[in-house]
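Below, each chain spelled out in residue letters.
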Amino acid sequence: VSLNRAFVVLRKTPGSCTPVVRKSAARQQQFLFSSAFIIAPDIRLLVKTNSPWSARLQRMQDRNGRISLESLMQLSHPPVLATEDGRSYGDKLDQLLTLLREVQSVYVRTAKTARYGDLLPMLQKDFVDATLEFVEALPAEEKEKFTAFRLTEAADYSLAYFACANDAQSARSCSSWI
């Protein structure tokens, strides 16, 4: 089930919860959250290893080995970047992606995805030049086909929570986790 579909269920079903959700200000207004139960590594900018972008991005890294997505997307010919509508990439990236949403080189997939890594086929087939993803979403046999770059706008790690319906029944359940 996609996260967006799970959110629809949470809004309609008292006592319901879904795991592995990032908190955001908007989500905290709609749902109750447990204590963090997963610490995930940072999200990365992925490109195909044999892409011209791989070498170019290596040259663009700062002294800490990071790329500024904001600077990258301001290039005269930026990469085509695929993102997912409704997915939280972390506060700073979410704010930046909101600003970039109308940029011609940013493709926002509105079809609901079921799991992390659903944009990888678009990258593999060269429909896009880059995407944002957790390296852990890459199948082991595919990892050498991609190069992952750390982003200045991404936190070093992210926390995941159970998100629950915002009702009395969920509040009782969630209070034991918080």
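Preceding block: the structure.
Below or above, wherever it landed, is the structure these notes cover. Keep in mind the model is a prediction, meaning the values are calculated, not measured.

## Re a nonpolar patch on the surface
On the surface, a cluster of nonpolar side chains totalling about 200 Å² of accessible area is made up of Val-20, Phe-37 and Ile-38. The residue Ile-38 is located in strand S3 (residues 38-41) in this model. Ile-38 gets classed as partly exposed once you look at its relative accessible area, which sits at 31%.

## Side note on the packing of aromatic side chains
Overall, the coordinates contain three aromatic pairs when judged by the stated rule. Pairing Phe-7 with Phe-31 gives two aromatic rings, centres 4.9 Å apart and planes at 25 degrees, and the pair type is stacked. Remark: Phe-31 occurs in the loop between helix H2 (25-30) and strand S2 (32-33) and Phe-7 occurs in helix H1 (residues 3-12); sequence separation between them is 24 residues. Across the pair, exposure class does not vary: Phe-7 and Phe-31 are buried alike.

## Points about the nonpolar core
Within the largest apolar cluster, 24 residues are counted, with the highest numbers of intra-cluster contacts made by Leu-45, Leu-57, Leu-69, Leu-72, Leu-81, Leu-132 and Leu-151. Broken down by element, this core gets its largest block of residues, four residues, from helix H5 (residues 91-100). Sequence-distant contacts of Leu-57, defined by excluding residues within four places in its chain, comprise Leu-45, Val-47, Ile-67, Leu-72 and Phe-149. Of all hydrophobic cores here, the second largest spans nine residues; its members include Leu-120, Met-122, Leu-123 and Phe-146.

## Focus: the environment of Arg-5
Along the chain, Arg-5 turns up in helix H1. The class for Arg-5 is exposed, based on a relative accessible area of 53%. It is 26 Å that separates the C-alpha atoms of Arg-5 and Ala-154, two residues lying 149 residues apart in sequence.

## Topic: the side chain of Asp-94
For Asp-94, the position within the fold is in helix H5. Buried charge without a salt bridge: Asp-94, with Arg-22 as the nearest opposite-charge side chain at an N-O distance of 6.4 Å. At 2.7 Å, the side chain of Asp-94 forms a polar contact with the backbone nitrogen of Tyr-89. Not counting the four nearest positions on each side in its chain, Asp-94 is found in contact with Arg-87, Ser-88 and Tyr-89.

## Quick notes on the state of the cysteines
By definition, a disulfide links the sulfur atoms of two cysteine residues through a covalent bond. Across all of its chains, the model carries one disulfide by this definition. With its sulfur 2.1 Å from that of its partner, Cys-17 forms a disulfide with Cys-164. Here the disulfide of Cys-17 and Cys-164 is right-handed, its torsion about the S-S bond being about 105 degrees. A residue pair is termed long-range when its members are at least 10 positions apart, and Cys-17 in strand S1 (residues 17-21) and Cys-164 in strand S10 (residues 157-164) qualify at 147 residues. Here Cys-17 falls in the partly exposed class, since its relative accessible area comes to 30%. Relative accessible area serves as the criterion here: at 0%, Cys-164 is assigned to the buried category.

## A few points about the sheet that holds strand S5 (residues 66-67)
Hydrogen bonds between backbone atoms are what pair the strands of a sheet, whose relative direction is either parallel or antiparallel. Here six strands make up an open sheet; going across it, the order is S5-S9-S4-S8-S6-S7 and the pairing mixed. With one partner strand each, in any of the chains shown, S5 and strand S7 (106-109) form the two edges of the open sheet. Direction of pairing for strand S4 (residues 44-48) relative to strand S9 (residues 146-151): antiparallel, over a ladder of four bridges. When the sheet's bridge partners are listed, Leu-45 is paired in S9 with Phe-149.

Cut-offs used in this document
Residues numbered from 1 in each chain as written. Predicted model: local features only at pLDDT ≥ 70, side-chain atom pairs only at ≥ 80, totals over all residues. Heavy atoms only, no water. Patch = residues over 30% accessible without salt bridge, like charges linked within 9 Å, V, L, I, M, F, W, Y side chains within 5 Å. Areas by Shrake-Rupley, 256 points an atom, 1.4 Å probe, with all protein chains shown as cover. Salt bridge = Lys/Arg side-chain N within 4 Å of Asp/Glu carboxyl O. Helix = DSSP H or I, 4+ residues; strand = E, 2+ residues; numbered from the N terminus. Buried < 20%, exposed > 50% of the residue type's maximum accessible area, 1.4 Å probe, protein only. Phe/Tyr/Trp six-rings, centres within 6.5 Å; stacked < 30°, edge-to-face > 60°. Core = buried A, V, L, I, M, F, W, Y, C linked by side-chain atoms within 4.5 Å. Contact = heavy atoms within 4.5 Å. Lys, Arg positive; Asp, Glu negative; His and termini not counted. Polar contact = N/O pair within 3.5 Å; in protein donor to acceptor, adjacent residues only side chain to side chain. Disulfide = S-S within 2.5 Å. Pairing = 2+ DSSP bridges.

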